[in-house]
Structures are given as C-alpha cells and as structure tokens.
Amino acid sequence: MPYENISAKLMKGTFILTAAALITKILSAVYRIPFQNIVGDIGFYIYQQVYPFYGIALALSTYGFPVIISKMIAERQEGKNGKEVQALLRSSFLFLTVTGVIWFLLIYFGAGPIASQMGDPQLEKLIQLISITFLLIPFISGLRGFYQGTGNMVPTAYSQVGEQFVRVATILVFSAVLVANDYSLYMAGAGALFGSITGGLVCILILLTFVWRDQTRFSLSFFGSRETNHKEIWSRLLKHGTAICVSGMLLVLLQLIDALNVYSLLVQSGISETESKQLKGIYDRGQPFIQLGTVVSTSLSLTLVPLITAAFRKGDRAVMNEKIRLALKIGSLAGFAASLGLINIIEPTNTMLFQNSLGSDVIAVFCLSILFSSIILTISGILQGIELIYFPAMAIMGGLAIKFFLNIMLVSRYGTMGSSIATVIALGAIAAILIFRLKKQFNAPFLKLHFYLVTGLAGITMTVVLQAYSYLFSMVAGDESRILAAVESLSGTAVGAAVFILIIIKGRVFSFEELQQLPGERN
C-alpha cells in the first residue's frame, strides 16, 4: 500500500478514536463539577479516594491491551494467516480473563488494608464495589482490540462514548437522589461509583451489538486450531500492554498516590478528620482543570503520532522530524497557554464551578501540571510511535516515586499545597527526562529559540492583560457573586486566548507549511 494511503488510513482511524476520546475525557472531567455541587467537598473527597481504581481499569481496557491486541492482529492479517488471528484472540481473551480476575481479587480482598492505608476505614466497601469493574476488562479489551486490529475503529468509539454517557448519568442521578433522601455521603459515593459498572456493562452491550451484526466473521475468529503459542502472546501483552498503560495512567496514578497518603498525612499533622476530608476534597477540585487542560493541549498533537510512526517505518527521517517538531509545538504551546491562563483566572473560575474560591492558591500551583502533562503525553506518544515503548513507562514510574516521597516530606508541613508542589516537581522531572531522551534519539533540538521567545512574550502579555482585566472587573463589579464570577471567568478566557493567539500568529510561530499539515487541513 502506498505511503500516502497508509497515512490517510491511519489519520482516518486516529480521527475517529481521537473524537471519541475527546468526548469521553471532557465528560470525565466536566461531570465532577455538578457532582461536587451535589455532594460538597467531603463527598467529593470520598469519591476521589476510590476513583483511581476505576481509572486503572479504564486505562487497561482502553489504552493498553486493545492497542497491543490490535497491533498483533494487524501483523497477522498482513501475513494473511487467519488461523494465527484465531489463536491470538483465544489466547488474548484467556490472558485478559486471568488478569481481570487477579486485579479483582487483589483489590476486593485488599480493600481493608487499602482503606486503612488511606486512613479512612469507611472506604472499604466502596473499594470492594469498584473492584467489580476489573471483571469486565476481558470483554471490553478483547472486543475493542479485535475491531481495531481489523481497521474498524467505530465500535471502540461508540463503546467509549456510550460507556461514559451512561456512567456520568448514573453518577449524577444516584448521587442527587441519595443526597436528597438524606443518605450518608459514603452511600452517595457508592451510588456514584456504581456508574462504573453500569457504564462498563453498556460498553459491552454496544460492542456485542457489532458482534451480532457481524457474527460469522467474529465466530470464525474464536473457533479453530488449538495450537497456540500462549507464552509469546502473553509475554507481549504483559510487557507492551503494561508499558502503554502506565503512560495512559499517568494522571490516575498521581491521583492514587494522593488518595493513599494525603488525607492520612493531614490527620497526622494534627488537623481534624472532618477538616482533612474537606481540605482533600478542595484539593481534588484541581483534577477537572488538569484533565480538561491536558485534553485540549494534546488533542491535536497526538493525532500526528500515527504519521510519525508511518514515516519511521518507511525510514523517511525528514518527514518524521517535521511531524515531531509540529507535535511538540502544538503540545507545549497549548499546555503553556492553558496552564498560565487558568492560573490568572483561577479564583473566579473556582467560584464559578465549585461555588466558592477555597483553595484557589493550591489549585493555581496544581495547574502548572497541565504544561508538564501535555509535554509528557506528547513525547510519550512520539517515543511509543517509534517503538521506544518502555522508556516513557520507566520515566513515569520514576516520577511517581518522586511524587510519593515528596508528599511524605511536604504535606505534613505545607498541607495540600505541599501535594500540589510535589505533583508539579514530579511531572517536571518526568518531562525533563523525556525531553532529554528525545533529543538524544534524534541528536537535534526540535524547537528553536524563536519559539521560546515568542511563546514567553505571549505568556507575559496575556498575564499582564488578564491581571489588569481582573483588577478593573473587581472595581466595577464589587463583591463577586457566582454569576459575576462566571462572567469574569468566561470573558477572561476569551480575552486571554485572543491576546495569546494574536501574538503567536504575529510572531509566526507556525510556518505556512506547518499550518497546512495540521489535522483538518488536509485534502
């Protein structure tokens, strides 16, 4: 197949999955806002303590195993070996079943010790509830991997969107009903976590609908010769799938570390249990900001990764360097603008979304994570695209260790601000390691001094304008209600974005040729 056709096919599939991922990630971030408004900061703390376990299950069934399964299927289809595809599917499903059961057993029976480590034994039942989602992994990962391997991205996209819509609806409806009927916040949290199960079941139903529509093709894939090289398939799923999952779980694993020790460290420092729960809930307000900011900043840059991979396999170094440079520009520029913009309007934005401005200083520091996360996810995608799968995972694991120990050192002294600082330092360290590895791999800097100067000027100008705008707004509006905070936040976003984009355009950060290469500009 010609290189242009390969690129077009890759881009089409990537656009479908990117659009689905964009919708699901926005839903996953946005629902937290009405949910927090329903259950308050303590209810939000309860949910966020357990959510990382769902996030792990989601990453395993979305980013890791389906990708590796689809890649192995595609390889076997290129060789026109139908029997190998059948064997691969059977072996993969068996591996996923064993993996899902192991995860379920570890979390279900480990719920007590995990809750004790978190410092809140009342979380045990909620952790046991969320462990059920791991039993759904074999069906979701296997079916998604099968369809992606045959080049059909539609089932995966539909299942992702359907899963999140049902999950979010369950969370909001159950929590609202339970709170309205005076059930405990822990019960409301359990109702919200039940959404992960309803969402997962709907996901499977959507995938099975595609199976039913194409029964012959799928059934032939599962029945045939039983001569299967389980060792080779399982080894690849375990090694490559885990490596990709770690990159996809970066933000979730950071949340897990916070869940494991922030609340308990606050209590140990002498703060009451109720106040510690509230402080942790306020700190967790930062999660939607970083999720939305990272989605926006990486939605375009990561669509270039398949083209980088295609150029790498073809050996076209010039095209590969061109695409890498563009991906880095988009990812770092958007991440910088999102993090700095949010920092400048964090108080009115916090009030608009969460009813008050509590913890704005902590969340402002936390928002620096958007820049580093954007760089990490972009470079991880690039390195994985050129078959350096393990390095990003190792860098991320090292950064997580930094985060864990910095939490212990800083939270007791500085409270949740210490945790925000620990997150930023850990992500900064991971980003620095990945940048160094990318430069070493290609022995060339991808971004020139002109890019940094213009971007810095845009950031400084945007900050000056937003600070002046905020000062004038407060003088005219007086005391800030939630409605006025919404007006200031939304108008400030528009003003800041306009200033930043204008300077980037005037500074010619992107050449005409680069603008022509942006996704959506291709004929």
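Scroll up to find the structure.
The following paragraphs examine the structure supplied in this document. (Residues numbered from 1 in each chain as written. Predicted model: local features only at pLDDT ≥ 70, side-chain atom pairs only at ≥ 80, totals over all residues. Heavy atoms only, no water.)

For the rest of this paragraph, the subject is the packing of aromatic side chains. This model, assessed by the stated rule, comprises 22 aromatic pairs. Residues F451 and Y452 carry aromatic rings whose centres are separated by 5.6 Å and whose planes lie at 80° to one another, so their mutual orientation is edge-to-face. The class of F451 is buried, set by a relative accessible area of 6%. Judged by its relative accessible area of 48%, Y452 falls in the partly exposed class. Aromatic ring contacts, followed pair by pair, group Y31, F35, F44, Y47, Y51 and Y54 into a single cluster. Across from the ring centre of Y51, 4.3 Å away, lies the NZ or CZ of R32, which sits over that ring. (Phe/Tyr/Trp six-rings, centres within 6.5 Å; stacked < 30°, edge-to-face > 60°. Buried < 20%, exposed > 50% of the residue type's maximum accessible area, 1.4 Å probe, protein only. Lys NZ or Arg CZ within 6 Å of the ring centre and 35° of its normal.)

Any two packed helices are characterised by how steeply their axes cross, that is the angle between the axes, and by the distance between the axes. Orientation of helix α10 (residues 230-248) relative to helix α19 (residues 390-414), taken along the N-to-C sense of each, is 50°, at an axis distance of 8 Å. In this view, α10 runs oblique relative to α19, as classed from their interaxial angle. Between α10 and α19 lies a crossing whose hand is left-handed. Facing K239, H240, A243, V246 and S247 of α10, the residues of α19 in contact are Y390, P392, A393, I396 and M397. Looking at side-chain class alone, the contact of α10 with α19 contains 7 nonpolar, 2 polar and 1 charged residues. (Axes fitted to C-alpha atoms, helices over the stretch in contact; angles between N-to-C directions. Helix = DSSP H or I, 4+ residues; strand = E, 2+ residues; numbered from the N terminus. Parallel < 35°, antiparallel > 145°, perpendicular 65-115°, else oblique. Left-handed = near helix turned anticlockwise from the far one by under 90°. Contact = heavy atoms within 4.5 Å. Nonpolar A, V, L, I, M, F, W, Y, C, P; charged D, E, K, R; others polar.)

Turning next to helix α13 (residues 286-298). Between its first and last C-alpha atoms α13 spans 18 Å; for 13 residues at 1.5 Å apiece the expected length is 18 Å, and the two agree. Among the 13 residues in α13, 11 count as buried, and that is most of the element. Taken as a whole, α13 has its buried residues at G286, Q287, P288, F289, I290, Q291, G293, T294, V295, S297 and T298. (Expected span 1.5 Å × (residues − 1).)

Moving on, we get to the packing of helix α14 (residues 305-314) against helix α15 (residues 317-344). For the pair α14 and α15, interaxial distance at closest approach is 8 Å and the crossing angle is 160°. Taken as axis vectors, α14 and α15 run roughly antiparallel relative to one another. The element α14 and its partner α15 pack so that their crossing is left-handed. From α14, L307, I308, A311 and F312 reach across to α15, where they touch V319, M320, K323 and I324.

Glancing now at the environment of G270. Within the secondary structure, G270 is located in the loop between α11 (250-268) and α12 (273-283). Between the C-alpha atom of G270 and that of S412, which follows or precedes it by 142 residues, the distance is 9.0 Å.

The next subject is the pattern of salt bridges. Under the criterion given, the structure shown has 5 salt bridges. Taking the shortest distance from any N to any O, the salt bridge between D41 and R285 comes out at 3.1 Å. Within this pair, whereas D41 is found in helix α2 (residues 32-78), its partner R285 is found in the loop between α12 and α13, the two being separated by 244 residues in sequence. By relative accessible area, D41 is classed as buried at 9%. Close ionic contact of E322 with K323 constitutes a salt bridge, the shortest N to O distance being 3.9 Å. (Salt bridge = Lys/Arg side-chain N within 4 Å of Asp/Glu carboxyl O.)

Among the nonpolar cores identified, the biggest contains 139 residues, and F53, L123, I127, I324 and L438 are the most heavily contacted of them. If one sorts the elements of this core by residue count, α2 sits on top with 21 residues. Ignoring anything within four residues of it in the chain, the contact list for F53 reads I107, I114, M118, I127, I130, F134 and L256. (Core = buried A, V, L, I, M, F, W, Y, C linked by side-chain atoms within 4.5 Å.)

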